[in-house]
Number of protein chains: 2
Amino acid sequence: MEEKKYNAWYEETFQGTRLSLALEQMVYTGQSEFQKVEIFDTVRYGRVMTLDGVFMTSEKDEFLYHEMLTHPAMLTAIEPKRVLVIGGGDGGTVREVLRHPSVEKCVMIEIDELVVTACKEHLPSIGTAWEDPRLDVRFADGIDYVKNSEEEKYDVILLDGTDPIGPGEVLFAMEFFRACKRMLKPGGALALQSETPMLMGEVFAETQHKLRELFSTVAPYFGPVALYPSGQWSWTFCSDELDPLAPRAERQAEIAQGCRYYNAGIHNGAFAIPNYVQALIDERGKKS
Amino acid sequence: MEEKKYNAWYEETFQGTRLSLALEQMVYTGQSEFQKVEIFDTVRYGRVMTLDGVFMTSEKDEFLYHEMLTHPAMLTAIEPKRVLVIGGGDGGTVREVLRHPSVEKCVMIEIDELVVTACKEHLPSIGTAWEDPRLDVRFADGIDYVKNSEEEKYDVILLDGTDPIGPGEVLFAMEFFRACKRMLKPGGALALQSETPMLMGEVFAETQHKLRELFSTVAPYFGPVALYPSGQWSWTFCSDELDPLAPRAERQAEIAQGCRYYNAGIHNGAFAIPNYVQALIDERGKKS
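Draft legend 1. A look at the overall build of chain A. The helix and strand tally for chain A stands at 9 helices and 12 strands. Relative to its length of 288 residues, chain A is compact, with a C-alpha radius of gyration of 18 Å against a globular reference of 19 Å. If you line up chain A on its principal axes, its C-alpha atoms span 55 × 45 × 40 Å. For chain A, buried positions account for 53% of its 288 residues. If you take every contact in chain A between residues at least 6 apart in sequence, the share linking residues at least 24 apart comes to 66%.

Set out below in structure tokens:
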């Protein structure tokens with residue numbers, strides 16, 4: 001079959017690999033004090049947002065990432081009422097959080113107001129919960145917040161940050177993880193995106209070991225995210241009391257009904273650790 | 001972090017998406033009557049082979065594909081002695097097949113001798129079993145073979161073909177699947193690569209329904225393959241007698257020890273069907 005020709009492409013280069021998407025039109029370009037925000041329409045992934053040229057989310061595949069960051073922790077927690085999201089300016093994570101009826105308050109700390117403003121206007125299909133009265137969006141530094149807040153602690157904390165390259169590095173620092181734990185209630189769960197084990201194996205393994213110093217259960221889990229390097233992504237579930245393989249089945253069935261990726265089988269299967277990933281973790285363990 | 005600059009890239013364009021790999025050097029280029037065969041060294045995926053410009057396999061990620069095509073069927077079959085592989089010219093699939101001690105004979109039917117010749121010379125780390133006396137490699141048309149062979153039938157058949165685009169389309173035709181079943185022993189299992197549900201949802205769903213006309217159990221399963229479009233791939237297990245969720249645990253533990261991706265948890269988890277994929281299958285069912 002002859003490949004259709006497209007004249008314009010948007011490309012992201014990541015350490016010797018490059019993913020390009022055929023472009024229909026640029027929709028928005030803005031520059032905040034933190035980063036460049038771009039939103040555009042593509043042929044195969046619908047509308048896409050990038051930050052500093054890195055693919056963050058697309059209409060076509062966003063559900064993979066947002067459901068997998070959110071539901072394993074939310075459905076393992078006993079009755080999550082207070083939820084903290086750090087990052088997540090496109091609104092996809094808080095949308096999934098707020099589908100859980102037990103939630104009374106969801107605080108989202110996003111450093112860059114421009115991401116939210118741009119996504120509200122140009123990616124309304126992702127952030128469908130901005131008007132939910134339980135949502136409290138604050139434009140602030142999430143690191144400062146978890147270090148210094150005197151607010152009531154949280155049942156679930158979700159870290160929806162950017163890659164640990166350049167400015168995002170602090171989001172994978174021990175100091176930050178420790179401060180997050182400070183804001184977690186006893187019996188709570190924390191989940192974070194933890195990068196691609198295929199292309200960022202060292203960061204992935206290092207992160208596992210940092211978290212193991214803080215939590216008695218640290219369980220990485222895996223799933224596809226088409227627009228992220230290698231296409232295989234990981235998240236990590238952390239808790240001192242909860243077993244991620246024992247989600248609350250009744251609530252799970254209800255939530256899964258409204259999901260496009262997640263269900264009970266996906267939940268359990270995602271926690272299976274590929275042999276090469278286990279080897280990465282074990283090797284890193286020998287070094288320390 | 002500043003992205004290192006690379007001057008040469010090898011790119012594959014797939015329907016409005018394009019994956020490019022930073023190139024160290026071309027190693028081999030050849031043209032057979034069927035296709036162009038290229039082998040080259042890349043920065044992030046080691047040595048890579050393409051056919052007509054389409055990424056087929058790489059040293060870095062080949063294990064994902066070959067283990068997942070091979071072991072679910074091989075470990076569900078009761079005691080696979082005779083195995084048929086159609087395609088698979090890089091040798092990765094027969095390598096995994098021949099790790100099973102019960103195998104007495106593995107027939108591999110590859111249409112293009114040049115692929116095998118080139119891979120034997122330039123990708124020896126993938127095809128490590130070419131000298132196994134149980135292996136019978138034949139350069140012939142797999143479609144003719146399954147239609148016309150009068151040989152003894154097989155316990156397991158693995159279809160390791162190219163995409164159903166252009167010349168590969170016949171490898172996803174009902175007529176071909178029916179002929180494959182003709183060559184399968186009662187109690188046997190067939191597995192095939194069945195494309196990316198994310199970007200080839202229609203072909204994926206259509207294939208499921210074709211196979212359901214032939215087999216009482218048709219179970220798609222999923223895993224990452226970094227170099228294939230979208231990064232999420234599918235395979236499909238077919239049998240009239242066997243339950244893919246009941247692999248032989250003792251043999252499985254032995255085989256998994258030598259795997260880089262596959263293990264018991266991965267096996268079961270891979271058969272969890274994402275909601276959007278189930279919806280694709282159901283929608284296609286309504287049309288017929």
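There is more to say, and it comes next.
Draft legend 2. The sheet that holds strand β7 (residues 105-110) of chain B, seen in detail. Residues and elements named next belong to chain B. Judged by pairing direction, the sheet is mixed, and its 7 strands sit side by side in the order β8-β7-β6-β9-β10-β12-β11 without closing on themselves. Where the open sheet ends on each side, the last strands, each with one partner, are β8 (135-139) and β11 (217-224). Between one strand axis and the next, the sheet turns by 15° as a mean value, whatever way the strands run.

Draft legend 3. Summary view of the domain arrangement of chain A. All names here are of chain A. Each domain of chain A was delimited in the assignment, giving domain 1 (9-58) and domain 2 (62-287). Using only C-alpha atoms to locate each centre, domain 1 and domain 2 end up separated by 23 Å. The partner domain 2 presents 19 residues to the 21 residues of domain 1 that form the contact. Contributing elements (two or more residues each) for the side of domain 1 that touches domain 2: β2 (17-31), β3 (36-42), β4 (46-51) and β5 (54-58). Looking at the side of domain 1 that touches domain 2, its residues break down into 13 nonpolar, 7 polar and 1 charged.

Draft legend 4. Fine view of the sheet that holds strand β11 (residues 217-224) of chain A. All names here are of chain A. Strand order in the open sheet formed by 7 strands is β8-β7-β6-β9-β10-β12-β11, with mixed pairing between adjacent strands. Strands at the two margins of the open sheet, each flanked by one partner only, are β8 (135-139) and β11. The sheet shows a mean angle of 15° between the axes of neighbouring strands, direction not considered. Across 5 bridges, strand β10 (residues 184-193) lies against strand β12 (residues 232-239) in antiparallel orientation.

Draft legend 5. Molecular detail of the packing of helix α6 (residues 201-212) of chain A against helix α9 (residues 275-287) of chain A. All names here are of chain A. Interaxial distance between α6 and α9 falls to 9 Å at its minimum, and their mutual angle equals 65°. By the angle between their directions, the pair α6 and α9 is classed as roughly perpendicular. Seen along the crossing, α6 lies across α9 with a hand that is right-handed. Listed contacts from α9 to Gly201, Phe204, Ala205, Glu206, Gln208 and His209 of α6 are Leu280, Ile281, Arg284 and Gly285. When grouped by side-chain class, the residues that make up the contact of α6 with α9 number 4 nonpolar, 4 polar and 2 charged.

Draft legend 6. Spotlight on the interface of chain B and chain A. Counting residues at the interface gives 38 residues for chain B, matched by 38 residues for chain A. With 6 residues, the top contributor of residues to the side of chain B that touches chain A is strand β2 (residues 17-31) of chain B. The sheet contact formed by β2 of chain A and β2 of chain B spans 5 bridges and is antiparallel. When the sheet's bridge partners are listed, Arg18 of chain A is paired in β2 of chain B with Ser20 of chain B.

Draft legend 7. Examining the relation of the copies chain B and chain A more closely. Mapping chain B onto chain A leaves a residual RMSD of 0.0 Å; the transformation is a rotation of 180° accompanied by 0.0 Å of translation along its axis. Taken together, the rotation angle and the small translation identify this as a two-fold axis. Looking at the rotation axis and the C-alpha trace of chain B, the residue lying nearest is Gly269 of chain B, at 1.7 Å. Comparing interface residues between copies, 100% of those in chain B also sit at the interface in chain A, which points to an isologous, same-surface contact.

Draft legend 8. Structural detail: helix α6 (residues 201-212) of chain B. Residue and element names in this part refer to chain B. Look at α6: 17 Å from first C-alpha to last across 12 residues, which is about the 16 Å you get at 1.5 Å a residue. For α6, the set of buried residues is Phe204, Ala205, Glu206, Thr207, Gln208 and Leu211. On its buried face, α6 sits against α5 (174-182), β11, β12 (232-239) and α9 (275-287).

Draft legend 9. Just the pairing of strand β10 (residues 184-193) of chain B, in detail. Residue and element names in this part refer to chain B. By the criterion of burial, β10 is predominantly enclosed, with 7 of the 10 residues buried. Where strand β9 (residues 154-160) and β10 come together, 5 bridges link them in parallel fashion. Bridging from a neighbouring strand, Tyr154 pairs with Leu184 of β10. Read as a crossover between parallel neighbours, the route from β9 over α5 to β10 is right-handed.

Draft legend 10. Representation of the environment of Thr13 of chain B in the model. Mapped onto the elements of the fold, Thr13 of chain B is located in strand β1 (residues 9-14). Distance in space between the C-alpha atoms of Thr13 of chain B and Pro247 of chain B is 38 Å, their sequence separation being 234 residues.

Quick notes on the rules
Residues numbered from 1 in each chain as written. Chains lettered and ligands numbered in written order. Predicted model: local features only at pLDDT ≥ 70, side-chain atom pairs only at ≥ 80, totals over all residues. Helix = DSSP H or I, 4+ residues; strand = E, 2+ residues; numbered from the N terminus. Rg over C-alpha atoms; globule rule 2.2 N^0.38 Å. Buried ≥ 20, exposed ≤ 12 C-beta atoms within 10 Å, placed from the backbone. Contact = placed C-beta atoms within 7 Å. Pairing = 2+ DSSP bridges. Axes fitted to C-alpha atoms, helices over the stretch in contact; angles between N-to-C directions. Domains from an automatic or database assignment. Nonpolar A, V, L, I, M, F, W, Y, C, P; charged D, E, K, R; others polar. Parallel < 35°, antiparallel > 145°, perpendicular 65-115°, else oblique. Left-handed = near helix turned anticlockwise from the far one by under 90°. Least-squares fit on C-alpha atoms with pLDDT ≥ 70 in both. Expected span 1.5 Å × (residues − 1). Right-handed = clockwise from strand over helix to strand, strands pointing away.

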